[in-house]
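The lines below spell out each chain.
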Amino acid sequence: GGVDLGHVVLVSCTGFAAPGVDLALMESLDLPRSTPRTNVGFMGCHGAVNGLRVAAAHAEALKQPTLLVCVEVCTAHFAYGWHPERVVANALFADGAAAAVLVPGEHNGGHTIAKVGASLSAVVPESRDAMSWHIGDHGFEMSLRPAVPGLIEKNLPALLDEWLERNGTDSPNISGWAVHPGGPRILGAALRAAGLNPTHGDVSREVLRNHGNMSSPTVLFILERLRQRDTNRPWLALAFGPGLSIEGVLFD
C-alpha cells in the first residue's frame, strides 16, 4: 500500500550528480514534487548511522514516515595501478543499496523492526590522515592506512563503555551487534575493543563475504539479517569512517 512520506533522506559518498539520485528516486517512486529531501553526503562508511539519525528526527518532528535510502557505486572510483592503498580499496569496496522507512512512535506496528534510540558520535584525535577520500587528478583517491585497526582498538573501549553506561546499559546486555566490516582487520579490532568474541561478528563477516564493503548501505544489510534471525533487542550498530570517525546507534 502507499505510504504518505513526509521526507526523503538520501545517503551517498560516491559519484557526483546534480540533480542527483534523490530526484531520480522521487520520480521513480512517483512521489509528490513537494516532498522534502535531505542529502547526507560524503560521510563514508558510517553514513547510514548519520542518515538514521536525520530520518528518525524528521519522522518524529513531522509525525510522518521518512524514507532513508543508502546507495553507493564504489566501482565508479575503481583505481588503476599498483599503489598498495588503491589495491586494498579496490579489493574491499563494492556497490550496494539499502532502504528503510522510519515512522514516528505512535505509528509503530507489527512490521516495525526496531526503534532508533541513543546515538554515539566521536572523532579520534590526530587521526585525520588515517582514512580519507580526496578528489585527485584521476578521480577519487581512497586512503586507508594500516594504522586504522589499532586506532579503533585503542580509542573505542572508553568511548563505548562511557556511552553505554550513560544510556543505562553495557556491552553484555546488547543482543545484536551490527559492526560495519570495513575490512577483516577493522572488524576484528572493533570486536576486541567492545570486549566481544569473534562470533559476535558472524553477521558482519557474512555480509562482507557475500557483498563486500558497500560503504554506507552495509550496516542496513547487517540489521536486516538480525531481523531475519529474530535476534533479541537491543541491537547496536557501529561504523567507522573518515575523521577517523566512530558512529553508533542503539536500537530498542
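Residues numbered from 1 in each chain as written. Predicted model: local features only at pLDDT ≥ 70, side-chain atom pairs only at ≥ 80, totals over all residues. Heavy atoms only, no water.

Student: I'd like to hear about the sheet that holds strand E5 (residues 116-123), residue by residue, with values.
Tutor: The strand order across the open sheet formed by four strands is E5-E10-E9-E8, and the pairing between neighbours is mixed. If you trace the sheet from one side to the other, it starts and ends with E5 and strand E8 (176-179), each paired once. Looking at each pair of strands side by side, their axes are set apart by 15 degrees on average, direction ignored. As paired elements, E5 and strand E10 (residues 245-251) share six bridges and run antiparallel to each other. The partner of Val123 across the bridge, within E10, is Ser245. (Pairing = 2+ DSSP bridges. Helix = DSSP H or I, 4+ residues; strand = E, 2+ residues; numbered from the N terminus. Axes fitted to C-alpha atoms, helices over the stretch in contact; angles between N-to-C directions.)

Student: Describe helix H6 (residues 202-211), and please don't skip the residues or the numbers.
Tutor: Considered for burial, the residues of H6 that qualify are Val203, Ser204, Glu206, Val207 and Leu208. Against the buried residues of H6 lie E8, helix H5 (184-193) and helix H7 (218-228). Taken from the residues just after H6, Gly212 is the one with a positive phi, measuring 80 degrees. (Buried < 20%, exposed > 50% of the residue type's maximum accessible area, 1.4 Å probe, protein only. Contact = heavy atoms within 4.5 Å.)

Student: Give a detailed account of a nonpolar patch on the surface, specifying residues and quantitative values.
Tutor: A surface patch of nonpolar side chains, about 370 Å² in accessible area, is lined by Phe16, Phe42 and Ile135. Counting through the fold element by element, Phe42 comes out in the loop between strand E2 (37-41) and helix H2 (47-62). (Patch = residues over 30% accessible without salt bridge, like charges linked within 9 Å, V, L, I, M, F, W, Y side chains within 5 Å. Areas by Shrake-Rupley, 256 points an atom, 1.4 Å probe, with all protein chains shown as cover. Salt bridge = Lys/Arg side-chain N within 4 Å of Asp/Glu carboxyl O.)

Student: Please set out the environment of Ala193 residue by residue, giving values where relevant.
Tutor: Relative to the helices and strands, Ala193 is located in helix H5. Overall, the relative accessible area of 10% leaves Ala193 in the buried class. The sequence separation of Ala193 and Ala97 amounts to 96 residues, and the corresponding C-alpha distance is 29 Å. When sequence neighbours within four positions are dropped, the list of residues in contact with Ala193 reads Ile152, Glu153, Leu156 and Pro157.

Student: If you had to explain the packing of aromatic side chains to someone new, which residues and values would you point to?
Tutor: Considering all chains together, one arrives at two aromatic pairs under this definition. Seen in terms of ring centroids, Phe78 and Tyr80 are 5.5 Å apart; in terms of plane orientation they differ by 70 degrees. Their pairing is edge-to-face. The exposure class assigned to Phe78 is partly exposed, which follows from its relative accessible area of 44%. Cation over ring: Arg233 sits above Trp235, and NZ or CZ is 5.9 Å from the ring centre. (Phe/Tyr/Trp six-rings, centres within 6.5 Å; stacked < 30°, edge-to-face > 60°. Lys NZ or Arg CZ within 6 Å of the ring centre and 35° of its normal.)

Student: So, the pattern of salt bridges: which residues are in play, and what are the values?
Tutor: Scanning the entire structure with this criterion turns up nine salt bridges. The closest approach of N and O atoms between Arg37 and Asp22, which form a salt bridge, is 2.7 Å. One end of the pair, Arg37, is in strand E2; the other, Asp22, is in helix H1 (residues 21-28), and 15 residues separate them in sequence. The class for Asp22 is buried, based on a relative accessible area of 3%. The salt bridge involving Arg225 is made with Glu206; its shortest N-O contact spans 3.1 Å. Taken together, the residues Arg225 in helix H7 and Glu206 in helix H6 connect sequence positions 19 residues apart. Since its relative accessible area comes to 19%, Glu206 is described here as buried. In the salt-bridge network here, residues are joined through shared partners; they are Glu206, Arg225 and Arg229.

Student: Kindly report on the nonpolar core, identifying the contributing residues and their values.
Tutor: In this structure, Leu156, Leu160, Trp177, Leu236, Leu238 and Phe240 are the most contacted members of the largest nonpolar core, which totals 34 residues. Elements with a contribution of two residues or more to this core: helix H3 (84-92), strand E7 (139-144), helix H4 (148-166), E8, H5, strand E9 (235-241) and E10. By residue number, the principal contributor to this core is H4, which donates seven residues. Residues Val11, Val49, Ala178 and Ala237 belong to the second largest nonpolar core, which totals 29 residues. (Core = buried A, V, L, I, M, F, W, Y, C linked by side-chain atoms within 4.5 Å.)

Student: Talk me through the packing of H6 against H7; I want residue IDs and the actual numbers.
Tutor: Two numbers describe how H6 lies on H7: the axes approach to 9 Å, and their chain directions differ by 125 degrees. In terms of orientation, H6 lies oblique with respect to H7. The hand of the H6/H7 crossing is right-handed. Across the interface between the two elements, Val203, Ser204, Glu206, Val207 and His211 from H6 touch Thr218, Phe221, Ile222, Arg225 and Leu226 from H7. For the contact of H6 with H7, the per-class residue count stands at five nonpolar, three polar and two charged. (Parallel < 35°, antiparallel > 145°, perpendicular 65-115°, else oblique. Left-handed = near helix turned anticlockwise from the far one by under 90°. Nonpolar A, V, L, I, M, F, W, Y, C, P; charged D, E, K, R; others polar.)

Student: Report on the pairing of strand E3 (residues 66-72), specifying residues and quantitative values.
Tutor: Within E3, seven of the seven residues are buried, which leaves the element mostly enclosed by the surrounding structure. Covered by surrounding structure in E3 are Thr66, Leu68, Cys70 and Glu72 together with Leu67, Val69 and Val71, the residues of both alternating faces. Across five bridges, the pairing between strand E1 (residues 7-12) and E3 is parallel. Counterpart to Val9 in the pairing with E3 is Leu68. Relative to strand E4 (residues 96-102), E3 runs antiparallel, the two sharing seven bridges.

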